[in-house]
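The residues making up each chain are set out below.
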Amino acid sequence: MSKQFSRRTALRLGAMAASAPAVASVLPATAAQGAGSTPDPAATVPRPGWVGPNWSVKPFALNQVALHDGIFQQKRDRMLNYARNYPGTGGVFDGPDRMLNLFRANAGLPAPGTYPGGWDTPRHLLRGHFSGHYLTLLAQAYAATGEEIFIDKLDYLVEELGKCQRELDKRELGRVPGRSGKAVRLGDPHPNQYVLLPPGTLEGVSELTIAVWVNLAVAQNGARICHLGAGSNSYLSLTANDSGPRFAITNAGSANEQQITSGTALPVGEWTHLAVSLSTAGVGRLYINGVEAATKVLALTPATLGRTVNNWIGRSQNNNDPFLNATVDDFQIYRRALDPAEVQALGSDGTPSPAPSDLVTWYRFEDEGDTAVDHSDNRRDARIIGTGYPGFLAAFPEGQFVRLEAPTFQPNSGPNAVWAPWYTCHKIMRGLLNAYDLTGNEEALEIAFRMGDWAHERLSRISRDDLNRMWDTYSAGEAGSMNEVMAELSALAPDQDQKARYLATAKAFTFTTLFDASIAKRDELNGRHANQYMAPNIGYLRIFEQTEDADYHAAAKNFWSMVVPHRIFSNGGAGRSEHFRQSGSITSGFTSSSDPRHAETCCAYNMLRLTRNLFFHDQNPAYMDYYEKALHNQILSSRRDIDSVTSTEVTYHQNMWPGRSRRIGSVIEYSRYGGNGSCCNGTGLESHTKYQESIYFQSADESTLYVNLFIASTLTWPGRGFVITQETAYPTQGATRLRFDQGDGRLKIKLRVPSWARQGYTVTVNGGRQAFDAAPGTYVTLDRQWTAGDTIDVSMPLSFRAEMALDDKAVQSILYGPTLMVVRDGTPSYREFSFYKDLKLDGDLAAAIAPTNVPMQFTTHGYTLAPYYISDPVPGEFNTYHPYVKRVEPEVVFGSINTGVPNDSVRDADGQTFLDRIWEAAPFANHGQFVRRVQEVSSEWLAAGRHTQQQRQAILVGAARAQQELEG
């Protein structure tokens, strides 16, 4: 580890020497240090991570914002405890060693111990992704706290990954030793997957002999040594089965194959010569090592197949058949049936004894490159599918990437399945870049550069059409934000050619279909795998930052607007069964027996990353309104309220159905797919160790401070010499105080006015009330000279409100300030609530909701309301809840004044009732304002034919008579 340690020391000394003298006096105390730990001074060097060159605002470093006591710190500390102690076995490097196990095994290095589990298991196609998240966890934990244990783990992990990468570079990416000379290694772990023969290989052939040397790596059933076919129903094949080889020919589909089979199993790890001959008389013979093993008279010959176009060595046309895992040498096809002596001669030394003119093809695999030269006189050169490149680093073979590419295009199911190899690559590269950005680990950047070179080599050879087909493949084509890391590498690269290569590779991850649709504001998200198409938008912003190409900004911005609010649940999450539905579809299927998986936690993680990055370019308050909703509800609630050093305890999905819990059937969402190995376990490692990253932002010129979130914390701003503490019990109270502990100078402070703050928003400075219009969903600005001791007090009274589902306005969630309040009940159908009869002029549902002696818990209609973010704090118990209720408001009423006019049964074009339209304008300053609102809406409804003149009159009379009740 000396390499990393020496670099970190050099970085620290250089940065401290270059920093302003005032920095040392304003550094925050490190938080949540382990017992006996000593903070590394390197943590005092502010490293905020990536900062775009054209951002108008930028973040602070994690160590510049210290969390204080509250729900965010509590959840954060649980994850930091996991980071210190996972897997609970006592060794500092036991956690990193688990993360390294599968990488070491893939590189052929000793791999003692075990692996994380879940998806990070030896045969899983996503193995290794969790280690990438773990890198980010350690980088963030160290950047925030300065605890040596985190940097020790991180540096060790990076150094060992570097060893794996260097060992993988030693692979024989070309030919391997053959029976005599060189051969081709097919199937995992070698990147070569199969050999593609030219179309028409058997054209004009009426009888044949196929001969080949094969060395099986494993016993296989159904793996084709060769397949030559004219279509799905017309082909011939030679198959390696663990019970013995089989030759088959058909022109009427697999059910009508005519076969020759041998009961002699082929050995594993030994060279075997196989041959099959088929004469025009239909006599077929199968040979093993020159000895006839089976014979049969067949009715079909090669001439009955037609022109063969699907011709492979090592692959079947059926995706349910595995690729051949073997070394192949001296593959020959003859245009006649060789006699037994000739076959025996072939099997003795591999030299063709028949006349060369009888050869159709002969592949000896002696030459390097992806071309298999035809050594017959027919020039039917073949192509080896699966070239590998240096710089590769993964916990699975490089062939996973090959199978996603043309001409293979495997789906995410079956024995040859591909499951998001580029997604896994992104997590590893993102973790490495975070190790560099947040802690200064330069070896991590070197590893990432080499991975970037490898990615460029892989993708620069693929056409745009084939790239689009890759990224359009469900799940398998999920690439995370690979365009993000490649664009960042472009900015970090030391020379112009390298910058250009990385930027071109970043653009290669553009899925043109949805990219063009987003630019044109065409919503084509219905049915799309949500997380697959969220993450690339973050990369689009990175490309925009490097190129100023406005289309990339527009694509990301317009995508966000297609998701928020049109596909967002009241907890801030999105997706059902991980997919987008039609725009506005929120409640579809909520009470059915179909798949109840909603709001994948990874989706909230990526939407928050996208939202934050959009705000750096465009300070639209709507971004931070959504950010608060998703952070306070889905992300905060995703971490279970128990301690664990063996499991992340982070939800995968969050059920939005009535009466469900974070256990779906027998599956506990905190440990779905294993408590340490799923994608959401991984993003959870990150989300719960960076809560402070968006509380405050600074303008690019450092003249302005944005206060985005109301979370107890202290900001240390070395560049301006300010230390500002935020004291708040938010979200249990609607107030916060900002106190200037150190520093003085002119500064604009922009305070966010949440969109839910409808009951007022007042600001005082040193006790003096400030005069401005604080409209919900905006920022207000304080611009003045500040000195130590100054205070800013913000009052934004919390109120209860109902949030309507877009597709069914009668289905609603109850929120208290920013907090989703759920009904504690296990009945699997909507609970029905009525509120309008209880409302006063302020429109607050609190008139029908009573507090309890438990903080942040209330009762209404005989049920308990509790915050959604309370996440099953009692081991073994899982709270059932209703995020949505059914509003039942049958009659237009004002307090106890009944009008006799139907309410629920008559709705406008947006699905709202008459009372919905009235009360959406609350709060009302006085009864007169309320009556004017009733007059306006009743006139509109009369004109639209929804109400009669008599009904309107009854409504107006009722509203006038209700003054005393509404003001009470």
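Everything numeric in this text was worked out from a predicted model, so none of it was measured.

Moving on, we come to the overall build of the protein. From N to C terminus, the protein includes 23 helices and 40 strands. Since a compact globule built from 968 residues should have a radius of gyration of about 30 Å, the 33 Å found for the protein is in line with a globular shape. Counting over 968 residues, the protein shows a buried share of 60%. Counting only contacts in the protein whose residues sit at least 6 apart along the sequence, the fraction spanning at least 24 positions is 69%. Accessible area of the protein: about 32,900 Å², with a carbon and sulfur share of 48%. A distance of 2 Å separates the average location of the 90 positive side-chain charges in the protein from that of its 101 negative side-chain charges.

Turning our attention to the packing of aromatic side chains. The tally for this structure, following the rule as stated, stands at 52 aromatic pairs. When the centroid spacing of 5.7 Å and the interplanar angle of 85° are considered together, the rings of F914 and W941 count as edge-to-face. With a gap of 27 residues between them, F914 in helix α20 (residues 914-919) and W941 in helix α21 (residues 927-943) connect regions that are remote in the sequence. Owing to a relative accessible area of 0%, W941 belongs among the buried residues under this scheme. Put simply, the rings of F392, F396, F401, W422, W454, W471 and F509 pair up and form one aromatic cluster. Taking NZ or CZ as reference, R720 lies 5.8 Å from the ring centre of W717, over its face.

With respect to the helices and strands, the residue V205 is situated in the loop between β5 (194-196) and β6 (208-216). V205 sits 23 residues away from L228 along the chain, and the two C-alpha atoms are 12 Å apart. Excluding anything up to four places from it in sequence, V205 contacts P302, A303, R335 and V360.

Right, let's get into the pattern of salt bridges. A full pass over the atoms with the stated rule returns 53 salt bridges. Its salt-bridge partner being E368, residue K182 comes within 3.5 Å of it at the nearest N-O pair. Taken together, the residues span a long stretch of sequence, with K182 in strand β4 (residues 182-186) and E368 in the loop between β16 (359-363) and β17 (371-372) at a distance of 186 residues. For E368, a relative accessible area of 47% gives the class partly exposed.

Quick look at the pairing of strand β8 (residues 235-240) now. Counting buried residues along β8, six of its six residues qualify, which places the element largely inside the surrounding structure. Of the two faces of β8, both are covered, the one formed by Y235, S237 and T239 as well as the one formed by L236, L238 and A240. Relative to β8, strand β7 (residues 223-229) runs antiparallel, the two being bridged by six bridges. Among the inter-strand pairings, C226 is bridged to a residue of β8, identified as L238. Hairpin connection from β7 to β8: five residues lie between these consecutive antiparallel strands. The pairing of β8 with strand β9 (residues 246-250) spans five bridges and is classified as antiparallel. Among the inter-strand pairings, Y235 is bridged to a residue of β9, identified as T250. Connecting the antiparallel pair β8 and β9 is a turn made up of five residues, with G244 showing a positive phi of about 140°.

Strand order in the open sheet formed by seven strands is β2-β23-β24-β25-β30-β27-β28, and the pairing between neighbours is antiparallel. The open sheet is flanked by β2 (65-67) and β28 (768-769), the only strands paired with a single partner.

Here we come to helix α2 (residues 71-85). If you check α2, its first and last C-alpha atoms are 22 Å apart, about what 15 residues at 1.5 Å a residue would give, namely 21 Å. For α2, the full list of buried residues reads I71, F72, Q73, K75, R76, M79, L80, Y82, A83 and R84. Buried residues belonging to α2 abut β2, α4 (129-145), α5 (148-168), α18 (621-638) and α19 (679-687).

Attention shifts here to the packing of α4 against α19. Axes are the key here: two packed helices are described by the angle between their axes and the distance separating the axes. The N-to-C vectors of α4 and α19 enclose an angle of 10°; their axes lie 8 Å apart at closest approach. It follows that α4 is roughly parallel to α19 by the angle criterion. Judged by residue contacts, H129, F130, H133, Y134, T136, L137 and Q140 of α4 engage C679, N681, G682, T683, L685 and E686 from α19. In terms of residue class, the contact of α4 with α19 is made up of five nonpolar, seven polar and one charged.

Right, let's get into the nonpolar core. Counting 197 residues, the largest nonpolar core has W422, L751, Y761, I792 and F930 as the members making the most contacts within it. Ranked by the residues each element gives to this core, the list is headed by α4, at 10 residues. The next biggest cluster of nonpolar side chains, apart from the first, holds 43 residues, and it includes I225, L286, F331 and Y363.

Below, the discussion takes up the sheet that holds β9. Taken in spatial order, the eight strands make up an open sheet running β10-β9-β8-β7-β14-β5-β18-β17, and their pairing is antiparallel. Sheet topology places β10 (258-261) and β17 at the edges, where each strand pairs with a single neighbour.

What follows is about the environment of G187. Along the chain, the position of G187 falls in the loop between β4 and β5. Considering only alpha carbons, one finds G187 and N325, 138 residues apart in sequence, at a separation of 4.5 Å. In this structure, G187 is in contact with N192, Q193, L324 and N325, ignoring residues within four places of it in sequence.

Of all seven residues that make up β7, seven are buried, and the element is covered over most of its length. Bridging between β7 and strand β14 (residues 310-313) involves four bridges; their strand directions are antiparallel. Residue pairing for β14: G229 is matched across the bridge by N310.

This part takes up the confidence of the model for the protein. For any part of a model where pLDDT is low, the fine detail of the predicted coordinates should not be relied upon. Here the protein averages 93 in pLDDT, while 94% of its residues score no lower than 70. Counting interchain partners and residues more than four positions distant, the pLDDT-below-50 stretch residues 9-44 has 57 contacts.

With an omega dihedral of 10°, the bond running from D188 to P189 counts as a cis peptide bond. Secondary-structure assignment places P189 in the loop between β4 and β5. Omega for the bond connecting A922 with P923 falls within 30 degrees of zero, at 5°, which places this linkage in the cis form. Tracing the backbone through its elements, the reader meets P923 in the loop between α20 and α21.

Now for the side chain of K690. Along the chain, the position of K690 falls in the loop between α19 and β21 (696-699). For K690, a relative accessible area of 11% translates into the label buried.

On to the side chain of T899. Secondary-structure assignment places T899 in strand β40 (residues 897-902). Owing to a relative accessible area of 14%, T899 belongs among the buried residues under this scheme. Engagement of the side chain of T899 in a polar contact is seen with the backbone oxygen of V892, the distance being 2.6 Å. Here V901 takes part through its backbone nitrogen, which lies 3.2 Å from a polar atom of the side chain of T899. Apart from residues no more than four positions distant in its own chain, T899 is found in contact with E891, V892, F894, A954 and I955.

What counts and what doesn't
Residues numbered from 1 in each chain as written. Predicted model: local features only at pLDDT ≥ 70, side-chain atom pairs only at ≥ 80, totals over all residues. Heavy atoms only, no water. Helix = DSSP H or I, 4+ residues; strand = E, 2+ residues; numbered from the N terminus. Rg over C-alpha atoms; globule rule 2.2 N^0.38 Å. Buried < 20%, exposed > 50% of the residue type's maximum accessible area, 1.4 Å probe, protein only. Contact = heavy atoms within 4.5 Å. Areas by Shrake-Rupley, 256 points an atom, 1.4 Å probe, with all protein chains shown as cover. Lys, Arg positive; Asp, Glu negative; His and termini not counted. Charge placed at Lys NZ, Arg CZ, Asp CG, Glu CD. Phe/Tyr/Trp six-rings, centres within 6.5 Å; stacked < 30°, edge-to-face > 60°. Lys NZ or Arg CZ within 6 Å of the ring centre and 35° of its normal. Salt bridge = Lys/Arg side-chain N within 4 Å of Asp/Glu carboxyl O. Pairing = 2+ DSSP bridges. Expected span 1.5 Å × (residues − 1). Axes fitted to C-alpha atoms, helices over the stretch in contact; angles between N-to-C directions. Parallel < 35°, antiparallel > 145°, perpendicular 65-115°, else oblique. Nonpolar A, V, L, I, M, F, W, Y, C, P; charged D, E, K, R; others polar. Core = buried A, V, L, I, M, F, W, Y, C linked by side-chain atoms within 4.5 Å. pLDDT = per-residue confidence, 0-100. Polar contact = N/O pair within 3.5 Å; in protein donor to acceptor, adjacent residues only side chain to side chain.

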